[in-house]
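A structural walkthrough
Here are the chains, one letter per residue:
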Amino acid sequence: MIIDIPDGQEPIGYVWDDMVPHIGRAAAAYSLSVYAHSNLGLREFEAARLRIAQINGCTLCLDWRTERDGEETVEDSFLEAVEHWRTTEAFDERTRLAAEYAERYAVDHHRLDEEFWERMKAHYSQKEIVELSMSIGSWLAFGRLNHVLGIDAVCKLPTA
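Note that this is a predicted model, so its numbers are computed, not measured. (Residues numbered from 1 in each chain as written. Predicted model: local features only at pLDDT ≥ 70, side-chain atom pairs only at ≥ 80, totals over all residues. Heavy atoms only, no water.)

Along the backbone of the protein chain there are eight helices and zero strands. Since a compact globule built from 160 residues should have a radius of gyration of about 15 Å, the 16 Å found for the protein chain is in line with a globular shape. With respect to the principal axes defined by its C-alpha atoms, the protein chain has extents near 50 × 30 × 25 Å. Out of the 160 residues in the protein chain, the part that is buried amounts to 44%. Pairs at least 24 residues apart make up 65% of the contacts formed inside the protein chain by residues separated by at least 6 positions. Total accessible area computed for the protein chain in this model is approximately 9200 Å², and 53% of it derives from carbon and sulfur atoms. Of the side-chain charges in the protein chain, 16 are positive and 29 negative, and the distance between the mean point of each set is 4 Å. (Helix = DSSP H or I, 4+ residues; strand = E, 2+ residues; numbered from the N terminus. Rg over C-alpha atoms; globule rule 2.2 N^0.38 Å. Buried < 20%, exposed > 50% of the residue type's maximum accessible area, 1.4 Å probe, protein only. Contact = heavy atoms within 4.5 Å. Areas by Shrake-Rupley, 256 points an atom, 1.4 Å probe, with all protein chains shown as cover. Lys, Arg positive; Asp, Glu negative; His and termini not counted. Charge placed at Lys NZ, Arg CZ, Asp CG, Glu CD.)

Quick look at the structure:
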């Protein structure tokens, strides 16, 4: 960890809330909004989120599983399926596209070509594409920030 965290302080809370309260609180509100207001299906949501977590290497993000209605989560084997999104039989086309979009958004966004967008538009509405884009942007930025600062490995998952 490259940031000194005072004894007794929770790392993410300290960095995001105490060190840069105006920026950190706004970032936290954006991050939380992605979870609270998503209309995407859980599998598509988690495929994109976990692909970004794999690319970022964020320990906290890799260990997290999004819940819906307090109980619905993806199956335990889902993380491995995301890693093999191109060949897994566990994904339908929307889920596969979500993982592909997340990967390309993170590592090769200049090559999101017409062929890709045609496939996306065949399976996602424009509103869903914007929502997925904003969600991926949040995960890419904040998961990477936490990993780069080294606070992802020392944080505890929040409890409901």
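That covers the picture; the talk isn't over yet.
This paragraph deals with helix α1 (residues 11–19). Those residues of α1 that sit buried are Pro11, Ile12, Tyr14, Val15 and Trp16. N-capping of α1 is provided by Glu10, with a side-chain oxygen placed 3.2 Å from the backbone N of Ile12. (Polar contact = N/O pair within 3.5 Å; in protein donor to acceptor, adjacent residues only side chain to side chain.)

In this structure the tally under the stated criterion is twelve salt bridges. Taking the shortest distance from any N to any O, the salt bridge between Arg94 and Glu128 comes out at 3.1 Å. Taken together, the residues Arg94 in helix α6 (residues 93–107) and Glu128 in helix α8 (residues 126–149) connect sequence positions 34 residues apart. Measuring nitrogen to oxygen at the nearest pair gives 2.7 Å for the salt bridge that ties Glu100 to Arg119. With Glu100 in helix α6 and Arg119 in helix α7 (residues 114–123), the pair connects residues that are 19 residues apart, well separated along the chain. Here the salt bridges do not stand alone but share partners, grouping Glu100, Arg104, Asp113, Glu115 and Arg119 into one network. (Salt bridge = Lys/Arg side-chain N within 4 Å of Asp/Glu carboxyl O.)

Now for the nonpolar core. Counting residues in each nonpolar core, the largest one holds 29 residues, and the members touching the most others are Met120, Tyr124, Leu132 and Ile136. Contributing elements (two or more residues each) for this core: α3 (42–56), α5 (78–83), α6, α7 and α8. Ile5, Val15, Trp16 and Ile151 belong to the second-largest nonpolar core, a separate cluster that totals eleven residues. (Core = buried A, V, L, I, M, F, W, Y, C linked by side-chain atoms within 4.5 Å.)

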